[in-house]
Amino acid sequence: MFEWIINNLASVIVLSVVAAVITLVIIKMVRDKKRGKPSCNCGCGGCPMKDTCHTKK
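Residues numbered from 1 in each chain as written. Predicted model: local features only at pLDDT ≥ 70, side-chain atom pairs only at ≥ 80, totals over all residues. Heavy atoms only, no water.

A. Structural detail: the overall build of the protein. When its secondary structure is counted, the protein shows three helices and zero strands. Its helices and strands in sequence order give the protein the pattern α-α-α, from N to C terminus. Out of the 57 residues belonging to the protein, those deemed buried represent 2%. A total accessible area of about 5,500 Å² is found for the protein, and carbon and sulfur atoms account for 68% of it. (Helix = DSSP H or I, 4+ residues; strand = E, 2+ residues; numbered from the N terminus. Buried < 20%, exposed > 50% of the residue type's maximum accessible area, 1.4 Å probe, protein only. Areas by Shrake-Rupley, 256 points an atom, 1.4 Å probe, with all protein chains shown as cover.)

B. Focus on helix α2 (residues 9-35). Along its 27 residues, α2 runs 39 Å from first to last C-alpha, staying within 8% of the 39 Å computed at 1.5 Å per residue. Following α2 by one or two positions, G36 has its phi on the positive side, about 85 degrees. (Expected span 1.5 Å × (residues − 1).)

C. Quick peek at a nonpolar patch on the surface. There is a patch of nonpolar side chains on the surface, built from L9, I13, V17, V21, V25 and M29 and spanning about 550 Å² of accessible area. Locating V25 in the fold gives a position in helix α2. (Patch = residues over 30% accessible without salt bridge, like charges linked within 9 Å, V, L, I, M, F, W, Y side chains within 5 Å. Salt bridge = Lys/Arg side-chain N within 4 Å of Asp/Glu carboxyl O.)

Everything listed is a geometric property; what it means functionally is a separate question.
Shown next as structure tokens:
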């Protein structure tokens, strides 16, 4: 097992970094959604879907 890890260390490190970045992006998206921020970050003033995207609870 350790021999396989040592032989593929670069791949394991790259995979770990990519997985961490993806996890952080998903966490930020969930937090922004809970705060009511738009996902496109361009504002909702001229968006034709603004009434369906941010409905009042």
